[in-house]
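Architecture and fold: a report
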Amino acid sequence: TDARGVGLSAVARAGMMSRWRVASTLAVVALFVAPVGAQQTHILVLTGLSGDPAYAEQFHTWATTLVDAATERYELPAEQVTYLGEKTAIDPERVDGRSTRENVEQAFRDIADQAQPNDHVLVLLIGHGSYNSGESRFNLPGRDLTAKDYALLLDLLSAQQVTFVNTATSSGGFIEVLSGEGRTVVTATRSSGQWNETVFGGYFVAAFSDAEDESDQNKDGRVSMLEAFEYATAQVARVYESDGRLQTEHALLDDNGDGEGAREPDPLTTDGAMARTLFITAGEGAGLAQLPDDPALRALYLERLELQEQIEALQLTRGGLDDALYQAEMEKLLVAMALKSREIRALEGDEVGPPND
């Protein structure tokens, strides 16, 4: 064989080895990663200082919208949902305790003890925020917790996949501090300097209770964290535009650990790859009852769920694979997901109108 032939053979062998490493890594991970349906969600909702009865009522309404959707629509066990509020008297049956610093810290420890590896933990902050002495804070009755304080609490959940959503004013500073592997961080504002009242939180929680399923973009019977974010940001923009006001809040999402949130996440280029795989789910079999009865449609939905599991498995290999290889394999899976969603929309077209590309 000449030198040129040897060179080509070496390149071919290298390419084959790279593909073999990806395939074998995914096969091994698939043995250990929980399927989409088996993942359990644990929710912690915190409402902080209101400063006004109107705000207190609004914060409570937003909080209970998520709590009720989680326990009723998604059938999450009550013990996996914790709601700490400014005052328990506003709803003694649903508020589990006051949102004091001590109670919040204990709630994180309780979830860390309860949650299994790879479970999804959703933390939602509703209230007012501030930025003092170079630190972003979420205002609680008593001593506040800073972004750095929450970072330490999230360290207790290093074995879980975490979605941390701060819907408060001046929340943008939480992105850089909390960003990390296995974390999806969402803020209602892009910086600590955006201190005007926010409406993002109301639409974020509404995404999970949307009776018309407008927030469920791919119509799989579930709403991912990415879908909830995109639904809320679209609604926020619509409200400001219809009111003729300058938009004073711009939400961010970070889930790739780079500390830089994206206003328009793109799973292929910026953020969103992890957020699109995270849902509120009670575990194995959850959501299957919401699949269509039509055999052909149901098969497509199940195939898409399988692709979802492959994406989750690949995410667990990040850091152990060559980055270019990881990105290439992730792109293949995401494209396959998009094509599968298009098939579903086309088949549903006879009942729900033309496909929406």
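Values in this document were obtained by computation on a predicted structure and should not be read as measured data. (Residues numbered from 1 in each chain as written. Predicted model: local features only at pLDDT ≥ 70, side-chain atom pairs only at ≥ 80, totals over all residues. Heavy atoms only, no water.)

Brief notes about the environment of Met337
This is how the line gets drawn: What counts as a helix is a DSSP run of H or I of at least four residues, what counts as a strand is a run of E of at least two, and both are numbered from the N terminus. Type-normalised accessible area, obtained with a 1.4 Å probe on protein chains alone, sets the label of each residue: buried when under 20%, exposed when over 50%, and partly exposed for intermediate values.
Looking at the secondary structure, you find Met337 in helix H9 (residues 323-352). Residue classification places Met337 among the buried positions, given a relative accessible area of 2%. Separated by 34 residues in the primary sequence, Met337 and Glu303 have C-alpha atoms spaced 9.1 Å apart.

Topic: empty space enclosed by the protein
Stated precisely, the cut-off is as follows: Of the grid points, spaced at 1 Å and generated over the protein atoms alone, those admitting a 1.4 Å probe that cannot get out make up cavities, while open sets with protein on both sides within 12 Å along at least five of seven lines make up pockets; any residue with an atom within 4 Å of a point is treated as lining. Grid points are joined across faces, edges and corners, and a volume is the space filled by probe spheres set on the points. Gly falls in the polar group here, along with every residue not listed as nonpolar (Ala, Val, Leu, Ile, Met, Phe, Trp, Tyr, Cys, Pro) or charged (Asp, Glu, Lys, Arg).
Counting across every chain of the model gives 2 cavities of 30 Å³ or more. Counting residues per element, the lining of the largest cavity draws most heavily on helix H2 (residues 53-73), which supplies 4 residues. For the lining of the largest cavity, the class distribution of residues is 4 nonpolar, 6 polar and 1 charged.

Considerations on the sheet that holds strand E8 (residues 161-166)
Going by this rule: Two strands pair if DSSP finds at least two bridges between them. Contacts between residues were defined by any pair of non-hydrogen atoms, one from each residue, lying within 4.5 Å. Axis angles are defined between N-to-C directions and span 0 to 180 degrees, where every axis is a line fitted to C-alpha atoms and, for a helix, only to the segment in contact.
Strand order in this open sheet of 7 strands is E3-E2-E1-E4-E8-E9-E10, and the pairing throughout is mixed. In this open sheet, the two strands that pair with only one neighbour each are strand E3 (97-98) and strand E10 (252-254). Sitting on the sheet, helix H7 (residues 225-243) touches strand E4 (120-126), E8, strand E9 (183-187) and E10, and the angle it makes with E10 is about 165°.

A short note on the nonpolar core
Filter applied, for reference: Grouping buried Ala, Val, Leu, Ile, Met, Phe, Trp, Tyr and Cys residues that are joined through side-chain atoms within 4.5 Å yields what is termed a nonpolar core.
Ranked by size, the top nonpolar core spans 40 residues in total, and within it Ile43, Val45, Leu66, Phe200, Phe204, Phe208 and Ile280 carry the most contacts. Of all elements in the fold, only strand E1 (41-47), H2, strand E2 (81-85), E4, helix H6 (200-209) and H7 reach the threshold of two or more residues within this core. Broken down by element, the residue count for this core peaks at 8 residues, all from H7. Apart from residues lying up to four places away in sequence, Ile43 is in contact with Leu66, Ala70, Leu76, Gln80, Val81, Thr82, Leu122 and Ile280. Formed by 28 residues, the second largest nonpolar core is a distinct cluster that contains Leu46, Ala107, Ile111 and Phe138.

A look at the side chain of His120
Short version of the rule: Within 3.5 Å is the distance limit for a polar contact, defined as a pair of N or O atoms, with the added protein rule that one can donate a hydrogen and the other accept it, and that residues adjacent in sequence qualify only through two side-chain atoms.
Following the sequence through the fold, His120 ends up in strand E4. Here the side chain of His120 touches Phe279 through a polar contact of 2.8 Å, landing on its backbone oxygen.

Section: the packing of aromatic side chains
As a reminder of what qualifies: Stacked, tilted and edge-to-face are the three classes assigned to paired rings of Phe, Tyr and Trp, where Trp is represented by its six-membered ring and a pair needs centres within 6.5 Å; plane angles under 30 degrees give stacked, over 60 edge-to-face, the rest tilted.
Taken as a whole and judged by the stated rule, the model has 9 aromatic pairs. Residues Tyr150 and Phe164 carry aromatic rings whose centres are separated by 5.4 Å and whose planes lie at 65° to one another, so their mutual orientation is edge-to-face. Within this pair, whereas Tyr150 is found in helix H4 (residues 147-154), its partner Phe164 is found in strand E8, the two being separated by 14 residues in sequence. Tyr150 gets classed as buried once you look at its relative accessible area, which sits at 0%. Under the relative-accessibility criterion, Phe164 is labelled buried at 1%. Seen in terms of ring centroids, Phe204 and Phe208 are 5.6 Å apart; in terms of plane orientation they differ by 70°. Their pairing is edge-to-face. Residue Phe204 and its partner Phe208 are both found in helix H6; the two are separated by 4 residues, about one turn of the helix. Overall, the relative accessible area of 0% leaves Phe208 in the buried class.

Digging into the sheet that holds strand E5 (residues 129-132)
If you walk across this open sheet you meet the 3 strands as E5-E6-E7, and the pairing is antiparallel. Every other strand in the sheet has two partners, leaving E5 and strand E7 (145-146) as the edge strands with one partner each. Direction of pairing for E5 relative to strand E6 (residues 135-138): antiparallel, over a ladder of 4 bridges. Note that in E6 the partner of Tyr131 across the bridge is Ser136.

Looking at the pairing of E6
In E6, alternate side chains face the same way, and those of Ser136 and Phe138 are buried while those of Glu135 and Arg137 on the opposite face are not. Between E5 and the antiparallel strand that follows it, E6, lie 2 residues; Ser133 among them carries a positive phi value of about 50°. In terms of strand pairing, E6 meets E7 through 2 bridges, oriented antiparallel. When the bridges of E7 are listed, Phe138 appears paired with Leu145.

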